[in-house]
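Structure at a glance
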Amino acid sequence: EMKELCKSDDDEDQDIVAFDQQAQEDWHSDWVMELIRITKPGKAIIIEDVDTPVCDKSSEWGGVPTAWWKFAVDEYGWDVDPDSIEIVEAAWYPHRYNVFMRKNVKSRSN
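Read on for an overview of the structure. Everything numeric in this text was worked out from a predicted model, so none of it was measured.

1. Quick look at the pairing of strand β3 (residues 97–102)
Across the six residues that make up β3, a large majority, five, are buried. Relative to β3, strand β1 (residues 44–50) runs antiparallel, the two being bridged by five bridges. Among the inter-strand pairings, Ile45 is bridged to a residue of β3, identified as Met101. Direction of pairing for strand β2 (residues 86–88) relative to β3: antiparallel, over a ladder of three bridges. Following the sheet pairing, Glu86 is matched in β3 by Phe100.

2. A closer look at the environment of Asp20
If you trace the backbone, Asp20 turns up in helix α2 (residues 11–38). Once residues within four sequence positions are removed from consideration, Asp20 is found in contact with Met2 and Val54.

3. Quick look at the state of the cysteines
All chains considered together, the criterion is met by one disulfide. Between the sulfur of Cys6 and that of Cys55 lies a disulfide, 1.9 Å long from S to S. The chirality of the disulfide connecting Cys6 with Cys55 is left-handed, given an S-S dihedral of about -80°. Separated by 49 residues along the polypeptide, Cys6 in helix α1 (residues 2–7) and Cys55 in the loop between β1 and α3 (68–76) bring together distant segments of the chain.

Basis of the calculations
Residues numbered from 1 in each chain as written. Predicted model: local features only at pLDDT ≥ 70, side-chain atom pairs only at ≥ 80, totals over all residues. Heavy atoms only, no water. Buried < 20%, exposed > 50% of the residue type's maximum accessible area, 1.4 Å probe, protein only. Helix = DSSP H or I, 4+ residues; strand = E, 2+ residues; numbered from the N terminus. Pairing = 2+ DSSP bridges. Contact = heavy atoms within 4.5 Å. Disulfide = S-S within 2.5 Å.

Set out below in structure tokens:
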């Protein structure tokens, strides 16, 4: 199980954990990019019940850390206002969080 690899001191196990976390981040970014694509300029985007990384004690299936969202705007080129990003710690399920962001009124490429 992945949680066991998180505790390992083996370099190969840690490489697997890092690869898995990168895959989580890429998947979340693809999901957000699709939400951005279908959202009108200036409108809200809300992502609910996001899990933390699999190596976090409370994580059940793996996700992304709360600090990742603002970093991801530039890393993945999201067309959202980074200052609009809000993390809401209260979600439907314990140990999850929600994310609010707003699509830019004008595209970043303009």
